[in-house]
Amino acid sequence: QVQLVESGGGLVQPGGSLTLSCAASGSSFTTYYLGWYRQAPGNQRDMVASITKFKTTNYGDSVKGRFTISRDNAKNTVYLQMNSLKPEDTAVYYCKATSPRGEVYWGQGTQVTVSS
């Protein structure tokens, strides 16, 4: 069983930056495929960024060049650095971990609001 706890959300002005963190319990973190997703009211939950155990990354088209995902296996933590934030980035951001066997775990989400 893996528990994920996100932090770092908040209110930021357009053009600003935030860094989200997702701390995971469990000893097999290094083998997990990790991702950040987001969901705005009335919308589906979409993939924002993902990172493999080899630290290969992938990004949604709307955040390429602005967001960076990274992982620190020693700290069991995955990060999402968000720059040049736009009002349309406003959403609840969720951390997702997928085990090599396909087990999926979600965090509780953290709100990001981009507004002046």
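The structure we're discussing is the one just above.
Bear in mind the structure is a predicted one, so any value in this text is a computation, not a measurement.

A. Molecular detail of the side chain of Lys96. Structurally, the position occupied by Lys96 is in strand S9 (residues 91-98). Although buried, Lys96 forms no salt bridge, and the nearest oppositely charged side chain, Asp46, lies 11 Å from it.

B. Spatial organisation of the sheet that holds strand S8 (residues 77-82). Ordered in space as S1-S3-S8-S7, the four strands form an open sheet in which the pairing is antiparallel. On the outer flanks of this sheet lie strand S1 (4-7) and strand S7 (67-72), each paired with one strand and no other. Neighbouring strand axes in the sheet, compared pairwise and without regard to direction, differ in orientation by 15° on average. The pairing of strand S3 (residues 18-24) with S8 spans six bridges and is antiparallel. When the bridges of S8 are listed, Thr19 appears paired with Gln81.

C. Broad picture of the state of the cysteines. In the structure shown here, the tally under the stated rule is one disulfide. A disulfide bridge connects Cys22 with Cys95, and the sulfur atoms are separated by 2.2 Å. Across the S-S bond of Cys22 and Cys95 the torsion is about -85°, and the bridge reads as left-handed. Taken as a pair, Cys22 in strand S3 and Cys95 in strand S9 lie far apart in primary sequence, 73 residues in all. Overall, the relative accessible area of 0% leaves Cys95 in the buried class.

D. The arrangement of the environment of Arg71 in detail. Position of Arg71 relative to the elements: it lies in strand S7. Exposure remark for Arg71: the relative accessible area of 5% places this residue in the buried category. With 42 residues separating them in the primary sequence, Arg71 and Phe29 have C-alpha atoms 10.0 Å apart. Ignoring any residue separated from it by four or fewer positions in sequence, one finds Arg71 in contact with Phe29, Thr30, Tyr32, Leu34, Ile51, Thr52, Lys53, Lys55, Thr77 and Val78. Here Phe29 takes part through its backbone oxygen, which lies 2.8 Å from a polar atom of the side chain of Arg71.

Rules used throughout
Residue positions are given per chain, counting from 1 as you read along its sequence in written order. Local features are withheld for residues below a pLDDT of 70 in this predicted model, meaning they are given only at 70 or higher, and side-chain atom pairs are given and counted only at 80 or more; totals for whole chains, interfaces and linings count all residues. Excluding hydrogens and water, the side-chain values take into account all heavy atoms of the structure. Segments assigned H or I by DSSP are reported as helices when at least four residues long, segments assigned E as strands when at least two residues long, and all are numbered from the N terminus. For each residue, the accessible area found with a 1.4 Å probe, counting protein chains only, is set against the maximum for its type, and the residue is called buried under 20%, exposed over 50%, and partly exposed in between. Charge assignment: positive for Lys and Arg, negative for Asp and Glu; neither His nor the chain ends contribute. Definition used for salt bridges: Asp or Glu carboxyl oxygen within 4 Å of a side-chain nitrogen of Lys or Arg. Paired strands are those between which DSSP finds at least two bridges. Axis definition: a line fit to C-alpha positions, over the contact stretch in the case of helices; interaxial angles, taken between N-to-C directions, run 0 to 180 degrees. Disulfides are defined as cysteine sulfur pairs within 2.5 Å. By the convention used here, residues are in contact when the closest approach between their heavy atoms is within 4.5 Å. Polar contacts, as counted here, are pairs of nitrogen or oxygen atoms within 3.5 Å of one another; within protein the pair requires one atom able to donate a hydrogen and one able to accept it, and residues that are adjacent in sequence qualify only if both atoms are side-chain atoms.

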